[in-house]
Amino acid sequence: MPDQSKKRIGVITVRGADYHPTRRLAEAAEQRGGRVVPIHPYRVWPAYQEGRPVLMGEGAGISMDAVMPRQGAEIKDACLPLIGHMARIGIRVVNCREAIECARHKFYTLQALADAGLSVAPTLFAAAVDGVREAMAGFGNRGAVLKPVSGRQGRGICRFLPGEMLPPDLEEELAAGRGILVQAYIPPEGRRDYRVLVIGGQVAGAMRLAPAPNDFRANVHLGGQGSAVDLTETLVDMAIRSASAIGLEIAGVDLMVDADGKHFVNEVNYAPGFRGLETATGKDIAGVMIDYVLRVIGERSVML
């Protein structure tokens, strides 16, 4: 029988307890006298009984002190009501549904960042092929980067040159009415890419990323290499402001500095992976995350 004195932190994931981030979070929680409870979003149901919000389904009887949604950018619409419902029940949710809805859509993210005065690369949101042509006319021979509005680990992102045919998977995105982003291409030569983890308004770790040979995408999952780095005050400020603009308590912020020294916020992730960051920095990133969640649980208990 589980120890009921332990603080229980739910992790919403479809990948199970053995998935690296979930396993590391569980290890960190155990070291701190807590317990991680994996929650499958398609097996727990938000419901109302006698006018009260309740949970039904697998494991619904387990009480939780906090919940961390960690499905990544590909989270489906059907999973969002569960996150908001948990907050209504009184469970502390890190991060909240509204912030996740913004972060999972790349153009909503850019809108929020630009509204906060942060620099983003020139971008057009295309709902049809004509929009892609319009953007390409302005970007010239250097071409553009095409991105689905939602995705993980750099998948679906490609360089697009004038005269090329639209990739079939992005044609499907347009046909399905999801749209795609057409973004200025910033060459990797002379470019600096950074992944910054922000937790509770503070930078918890950062690494510089180098793309794999013959690739412009700086992503560890695509063969890119990460190395520990000390950020400038400008980059620290951009990362913290980016997380705040989206409303995220925990965020992975991708920053870019081009060959001319111009700074951009590239993406903001509400459920960042951290294997590469732990390897590059030697820091216990999972522990920092759990420390933050336990702290906000404690603060909430004092307030109540």
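Residues numbered from 1 in each chain as written. Predicted model: local features only at pLDDT ≥ 70, side-chain atom pairs only at ≥ 80, totals over all residues. Heavy atoms only, no water.

Trainee: Looking at this structure, I do not really get the overall build of the protein. What am I missing?
Mentor: Of regular secondary structure, the protein possesses nine helices and 15 strands. The C-alpha radius of gyration of the protein comes to 20 Å, within 12% of the 19 Å expected for a compact globule of 304 residues. Out of the 304 residues belonging to the protein, those deemed buried represent 47%. Pairs at least 24 residues apart make up 67% of the contacts formed inside the protein by residues separated by at least 6 positions. Of the charged side chains in the protein, 35 are positive and 34 negative; the average position of the first set lies 3 Å away from that of the second. (Helix = DSSP H or I, 4+ residues; strand = E, 2+ residues; numbered from the N terminus. Rg over C-alpha atoms; globule rule 2.2 N^0.38 Å. Buried < 20%, exposed > 50% of the residue type's maximum accessible area, 1.4 Å probe, protein only. Contact = heavy atoms within 4.5 Å. Lys, Arg positive; Asp, Glu negative; His and termini not counted. Charge placed at Lys NZ, Arg CZ, Asp CG, Glu CD.)

Trainee: Help me understand helix H7 (residues 233-246), please; the structure alone is not making it clear to me.
Mentor: For an α-helix, 3.6 residues make a turn, and residues three or four places apart therefore share a direction. Counted at 1.5 Å a residue, the expected span for H7 with its 14 residues is 20 Å, and the 20 Å between its end C-alpha atoms agrees. On its buried face, H7 sits against helix H3 (97-103), helix H4 (106-115), strand E11 (192-199), strand E14 (250-257) and strand E15 (263-269). Glycine 247 sits one or two positions beyond H7 and adopts a positive phi of about 90°. (Expected span 1.5 Å × (residues − 1).)

Trainee: Sorry if this is basic, but what is going on with the sheet that holds strand E13 (residues 225-228) here?
Mentor: Two modes of strand pairing occur in sheets, parallel and antiparallel, and in both the strands are linked by backbone hydrogen bonds. With antiparallel pairing, the five strands of this open sheet are ordered in space as E13-E12-E11-E14-E15. The sheet is open, and its two edges are formed by E13 and E15, each paired on a single side. For this sheet, the mean angle separating the axes of adjacent strands, direction not counted, is 30°. Pairing between E14 and E15: six bridges, direction antiparallel. Across the sheet, methionine 256 pairs through a bridge with phenylalanine 264, a residue of E15. (Pairing = 2+ DSSP bridges. Axes fitted to C-alpha atoms, helices over the stretch in contact; angles between N-to-C directions.)

Trainee: Would you mind showing me how to read the pattern of salt bridges here?
Mentor: It is possible for side chains of opposite charge to pair when their charged atoms get near one another. Tallied over the full model, the rule gives 18 salt bridges. Connected through shared salt-bridge partners, Arg23, Arg24, Glu27, Arg32, Glu278, Asp284 and Asp291 make up one network. (Salt bridge = Lys/Arg side-chain N within 4 Å of Asp/Glu carboxyl O.)

Trainee: Before we go on, may I ask you to explain the nonpolar core in this structure?
Mentor: Looking at soluble globular proteins, one finds that nonpolar side chains tend to be buried together. Ranked by internal contacts, the top residues of the largest apolar core, which has 43 residues, are Met86 and Leu255. For this core, the elements supplying multiple residues, two or more each, are helix H2 (80-89), H3, H4, E11, H7, E14 and E15. Per-element accounting of this core gives the leading share, five residues, to H7. When neighbours within four sequence positions are excluded, methionine 86 is seen to be in contact with Ile12, Ile39, Leu55, Met64, Val67, Ile91 and Val93. With 25 residues, the next largest nonpolar core counts Val11, Leu277, Met289 and Val296 among its residues. (Core = buried A, V, L, I, M, F, W, Y, C linked by side-chain atoms within 4.5 Å.)

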